[in-house]
Amino acid sequence: MLEQKNLKDLLPGDEFTLFLLVNKSEIKTAKNGRPYLNLELRDTTAILPAKMWDKFESTAKELNEGTVVKVNGQIEEFGGTSQIKIDKIRISKEDDNVSTEDFLPKSKRPIDEMQKELFVIINSIQNPYLKQLLKNIFTENNLDKYLKTPAGKSWHHSYLHGLIEHTLEIVRICELMSTIHSEINRDLLISGALLHDFGKTEELTFETSFDYSDKGKLIGHIMIGALAVEKEASSIPGFPEELKNQLIHLILSHQGKLEFASPVEPKTLEAIVLYQADELSAKTNAYKLAIEVDKNKTGKWTR
């Protein structure tokens, strides 16, 4: 594991030498006509704009998204935001022993712990059709990608293993609501919670940065997940049509409102609970991130 200072802990005026990951690279022209190298650089803790004004032409040709670089520079403040002034930059070498994954943020929860929790939940499902469906979807072929996928590009749980962390949080909220309200179909609700964002395994890319795949942009995770459930349910002999429709409804309605990109709004008790549980998990995580990002700024309030 790479050991070095974190970007988020550096303050204006600090000088540093760090390995960082290129998020974006372009040559721009300042108002005075002077060209400069304009980058976004990241580690696991922050993404900062960066500029280099001299002797960048040869290096700029080699800089692409996902390139690991060694940077000597300093932190400056511009418009109330930190940025990097680059003095020297080079492409990482093989003997530097760094990889792109060293610079992508990860869940603080141990992945082995979350994987065990996932299968404890699946095995707790009593309905034989739902249990078989979950086992068919969370196969070894799908599991590695599912466990690594972030839950979002930037808004919430936007780090490696974020999807399973987010999913397990929602399951816990849904379990609590099932104990409070006996009218809730617990197996249906928990199955919907486990599957609601499964489509993000194909919607998001995360090899060098977090972004949307072509399939994600064209179809979206909600439809990708609904189609996966339709396909697997149809392969299980005797899978009840009503149960399948109820489960797909949970996936289609989990973002709550049409203006939030839900194809349909929640129309069952389980769908209402899942929507609210998803909101609670996502927004709590997003606001935690906002507090963390601004913790080194003056004053008591985040942006």
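Quantities reported herein were computed from a predicted structural model and do not represent experimental measurements.

A. Just the overall build of the chain, in detail. The number of helices and strands found in the chain is 11 helices and 7 strands. Each principal axis of the C-alpha distribution contributes one length, and for the chain these read about 70 × 40 × 35 Å. A burial count over the chain gives 46% of its 303 residues as buried. For the chain, the share of sequence-separated contacts (at least 6 apart) that also reach a separation of at least 24 residues comes to 60%. Carbon and sulfur atoms provide 51% of the accessible area of the chain, an area that totals close to 16200 Å².

B. Highlighting helix 2 (residues 111-124). With 14 residues, helix 2 extends 20 Å from end C-alpha to end C-alpha; this agrees with the ideal 20 Å at 1.5 Å per step. Inspection of helix 2 places M114, E117, L118, I121 and I122 among the buried residues, and these make up the whole buried set. Projection of helix 2 onto a plane perpendicular to its axis shows the buried side chains occupying an angular sector of 135°, all on one side. In this structure, helix 2 carries D112, K116 and V120 as exposed residues pointing more than 90 degrees from its buried face.

C. Region of the structure containing the pattern of salt bridges. Overall, the coordinates contain 16 salt bridges when judged by the stated rule. Across the pair D87 and K85 runs a salt bridge, and its minimum N-O distance is 3.3 Å. In the salt-bridge network here, residues are joined through shared partners; they are R109, E113, E117 and R172.

D. How the structure looks around the sheet that holds strand 2 (residues 35-42). Taken together, the 5 strands give a closed barrel; going around it, the order is 1-2-3-5-4, and neighbouring strands pair in mixed fashion. Along the sheet, successive strands turn relative to each other by an average axial angle of 50°, direction set aside.

E. Region of the structure containing the side chain of S107. Take S107: it is sitting in the loop between strand 5 (81-91) and helix 2. Of the residues examined, S107 reaches a relative accessible area of 11% and is grouped as buried. In this structure the side chain of S107 is engaged in a polar contact, spanning 2.4 Å, whose partner is the side chain of E165. When sequence neighbours within four positions are dropped, the list of residues in contact with S107 reads M114, Y159, L160, H161 and E165.

F. Highlighting the confidence of the model for the chain. For the chain, the mean per-residue pLDDT works out to 91, and 98% of the residues sit at or above 70. Taken element by element, the chain is modelled with least confidence in helix 1 (residues 57-60), mean pLDDT 83, and with most confidence in helix 6 (residues 186-195), mean pLDDT 98.

G. The arrangement of a nonpolar patch on the surface in detail. On the surface, L218, I219, M223 and L227 cluster together into a nonpolar patch covering about 400 Å² of accessible area. Along the chain, the position of L227 falls in helix 9 (residues 221-234).

H. Broad picture of helix 5 (residues 162-180). For helix 5, spanning 19 residues, the distance from its first C-alpha to its last is 28 Å, which sits close to the expected 27 Å at 1.5 Å a residue. Of the surrounding secondary structure, the elements contacted by the buried residues of helix 5 are helix 2, helix 4 (140-148), helix 6, helix 7 (200-203) and helix 11 (269-293).

I. Focus on the packing of helix 9 against helix 10 (residues 241-253). Between helix 9 and helix 10, the shortest axis-to-axis distance is 9 Å and the interhelical angle comes to 165°. When the interaxial angle is binned, helix 9 and helix 10 end up roughly antiparallel. Remark: the crossing between helix 9 and helix 10 carries right-handed chirality. Within the contact between the two elements, helix 9 uses I222, M223, G225, A226, V229, E230, A233 and S234 and helix 10 uses K244, L247, I248, I251 and L252. Class assignment for the residues of the contact of helix 9 with helix 10 results in 9 nonpolar, 2 polar and 2 charged.

J. Representation of the nonpolar core in the model. By size, the foremost hydrophobic cluster in this structure holds 43 residues, and its most contacted members are L133, F138, Y146, C174, L194 and L195. Within the residue set of this core, elements represented by two or more residues are helix 2, helix 3 (128-137), helix 4, helix 5, helix 6, helix 9, helix 10 and helix 11. Discounting residues that sit within four places of it in the chain, F138 has contacts with L118, F119, I122, Y146, L194, L195 and F198.

Rules behind the numbers
Residues numbered from 1 in each chain as written. Predicted model: local features only at pLDDT ≥ 70, side-chain atom pairs only at ≥ 80, totals over all residues. Heavy atoms only, no water. Helix = DSSP H or I, 4+ residues; strand = E, 2+ residues; numbered from the N terminus. Buried < 20%, exposed > 50% of the residue type's maximum accessible area, 1.4 Å probe, protein only. Contact = heavy atoms within 4.5 Å. Areas by Shrake-Rupley, 256 points an atom, 1.4 Å probe, with all protein chains shown as cover. Expected span 1.5 Å × (residues − 1). Arc of directions from axis to C-beta. Salt bridge = Lys/Arg side-chain N within 4 Å of Asp/Glu carboxyl O. Pairing = 2+ DSSP bridges. Axes fitted to C-alpha atoms, helices over the stretch in contact; angles between N-to-C directions. Polar contact = N/O pair within 3.5 Å; in protein donor to acceptor, adjacent residues only side chain to side chain. pLDDT = per-residue confidence, 0-100. Patch = residues over 30% accessible without salt bridge, like charges linked within 9 Å, V, L, I, M, F, W, Y side chains within 5 Å. Parallel < 35°, antiparallel > 145°, perpendicular 65-115°, else oblique. Left-handed = near helix turned anticlockwise from the far one by under 90°. Nonpolar A, V, L, I, M, F, W, Y, C, P; charged D, E, K, R; others polar. Core = buried A, V, L, I, M, F, W, Y, C linked by side-chain atoms within 4.5 Å.

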